[in-house]
Every structure is written in structure tokens, then in C-alpha cells.
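Summary of the model geometry
Here's the letter readout for the chains.
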Amino acid sequence: MEKKQTYTGACSRSLLLFLLFFSPQTGKTQRVHKEKGYCGLYYSSMADLHRQKQVELDFYNFRAGDIVASIGAQCGHWEAAYAACTNSVLFYLQDIDTVYFTEKQIASAWHYYDSLRGTPMTSTYQLVAGTEKATLLPENRFDKITIINSFHEFTAKDEMLADIRTKLKAAGILYIDESIPKTPGQSHGICHMPMLTQEEMIAVLLKNGFRYIDGLELQFRAKKPRRKIYAFQKISS
């Protein structure tokens, strides 16, 4: 059954500076911050992280031994936060960005949450630089692949989805986290590229050999578009 949850969170992988979030679990506003010299937003405590992200963590259901790829990881701050809440997960972080997607940036994000959680992180990462048409990730390797607010920016969606099909294990799951436009063709508020309606998203994935299996709807504050995490599996050839 499809899950729904009210939510107010960051919607962009790029230079989004929304510093206040509303937690539906507590009804309180909570603050995140930027780290000087690094990109991304960071929670000030593990309690804040869990209040804001637990519903997503439950949906992703990361398990010890999982191999997870994040396409469009850029700053790596969300993946580092997820790693702080997991154990023994290997994250492949992938992007085409040459400015923010660096070993220095990702190592800093990992170190931040390693310190915040109080015990050494057992979830690790590898960096992979891709292209606009290919992830360059290893084939038939991944239990889960995430695309967080980046899919609408893909310039070659069909080629990328064909590539992703070869990277997932047979029972692997592709998660696509995207804002939902209020009207077809609405532009994203940060990058100004058109967003996909739920119907368009499911149709594009179906055309490229993926079936929709589940979804988690998340609600922004008033006047903000909704956000949804779609879950897809490969259709057997």
C-alpha cells in the first residue's frame, strides 16, 4: 500500500539554502546548518536527523550488507546522514559534477556524521564519476539505487535508465525522489527545469523497463510543491 506523510524538507541537490525545517513528528521547527567551506546542509544532532529523516529511512529500508548507489550525489550530505543511521552499508556515490563532488567534500560529510553519532561509522563509500548518458557504475551489483531530486535534470533519461537497469540486481529497487508539480510543465524552483507529474514519471519508467511498486508522499509547507519517493523494479525481459 502506498504510504503518505506530511513533511517539509530540502528539495534540491544544488545550492539550496532552506535552513529551517518543520518536523511532522514533533510539530516543531528545527534548524540545520552549512559547514564552512563545504556544500550541503547538516543536522545539528542525531535526534534532529531521526526526527526529520526517519520516515525516509524506513522507506529505503537500508540493511547491513546492502550495496547502494546514489546517482547525482553531489555534496554527499544526505548519503552521509543515511550512513550515520545504518551499519555496514556500502554507498557508491556517483555524479558528473566536478566542483562539489570531490573526495574532500565527501570525506568531510562522512567525518561530520561520524563525529555526530559518537561511534565510528561502519557504512562506507566509493566515488564514481559518470557522464550524462552513463553512470559508469559496476554492473549487476546494487541492491538499491537512489536518485534524489536529480532525475528531472537528466538530459538523456532513456539512456540513463537503460544503463541503470544493468546496474541493479534482479530484485534490486530504484528509488527516485522528486518534487511533484502542481500543474504539468511546472519548472523546478531552483534549476528551472520542468518537473514530471506522477503519471509522467511512471510512464517514463515503464517505457524503459521498470514497474512502479510503491511510493512515499511527502508534503512541503504551505505553497510548496509536494515531494514523492517512487520505488521501481526492473520488468523481467
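These figures come from a predicted structure and were not determined experimentally.

Okay, helix α5 (residues 198-207) next. Because the α-helix completes a turn every 3.6 residues, residues three or four places apart line up on one side. Of all the residues in α5, the buried ones are Gln198, Met201, Val204 and Leu205. Relative to the axis of α5, the buried residues are bounded by an arc of 135° and lie together on one face. Seen from the open side of α5, the exposed residues pointing more than 90 degrees away from its buried face are Glu199, Leu206 and Lys207. Summarising the contacts, the buried residues of α5 are in contact with α4 (157-167), β9 (168-179), β10 (210-219) and β11 (227-234).

Turning our attention to the nonpolar core. One finds Phe62, Tyr82, Phe91, Trp110 and Tyr113 to be the most contacted residues of the largest nonpolar core, which totals 36 residues. At the level of elements, β4 (42-43), α1 (46-60), α2 (77-84), β6 (90-95), α3 (103-117), β9, β10 and β11 are the ones that each hand at least two residues to this core. Setting aside residues no more than four positions away along its own chain, Phe62 makes contact with Leu57, Val68, Tyr82, Thr86, Val89, Phe91 and Lys144.

A complete count under the given rule lists one disulfide for this structure. The disulfide that involves Cys39 links it to Cys75, with 2.0 Å between the sulfurs. Here the S-S torsion is close to -130°, and the disulfide linking Cys39 with Cys75 is therefore left-handed. Taken as a pair, Cys39 in the loop between β3 (29-33) and β4 and Cys75 in the loop between β5 (67-71) and α2 lie far apart in primary sequence, 36 residues in all. A relative accessible area of 2% places Cys39 in the buried class.

This part is about unusual backbone geometry. The phi angle of most residues is negative, glycine excepted, and most peptide bonds adopt the trans form. The backbone phi angle of Gln74 is positive, close to 45°, even though this residue is not glycine. Examined against the element boundaries, Gln74 turns out to sit in the loop between β5 and α2. In this structure Gln74 comes out as buried when scored by relative accessible area, which is 12%. A positive phi angle is found at Leu136, which is not glycine, with a value near 65°. Mapping Leu136 onto the fold places it in the loop between β7 (124-129) and β8 (142-148).

Quick notes on the rules
- Residues numbered from 1 in each chain as written.
- Predicted model: local features only at pLDDT ≥ 70, side-chain atom pairs only at ≥ 80, totals over all residues.
- Heavy atoms only, no water.
- Buried < 20%, exposed > 50% of the residue type's maximum accessible area, 1.4 Å probe, protein only.
- Helix = DSSP H or I, 4+ residues; strand = E, 2+ residues; numbered from the N terminus.
- Arc of directions from axis to C-beta.
- Contact = heavy atoms within 4.5 Å.
- Core = buried A, V, L, I, M, F, W, Y, C linked by side-chain atoms within 4.5 Å.
- Disulfide = S-S within 2.5 Å.

The values are spatial; any link to function lies outside them.
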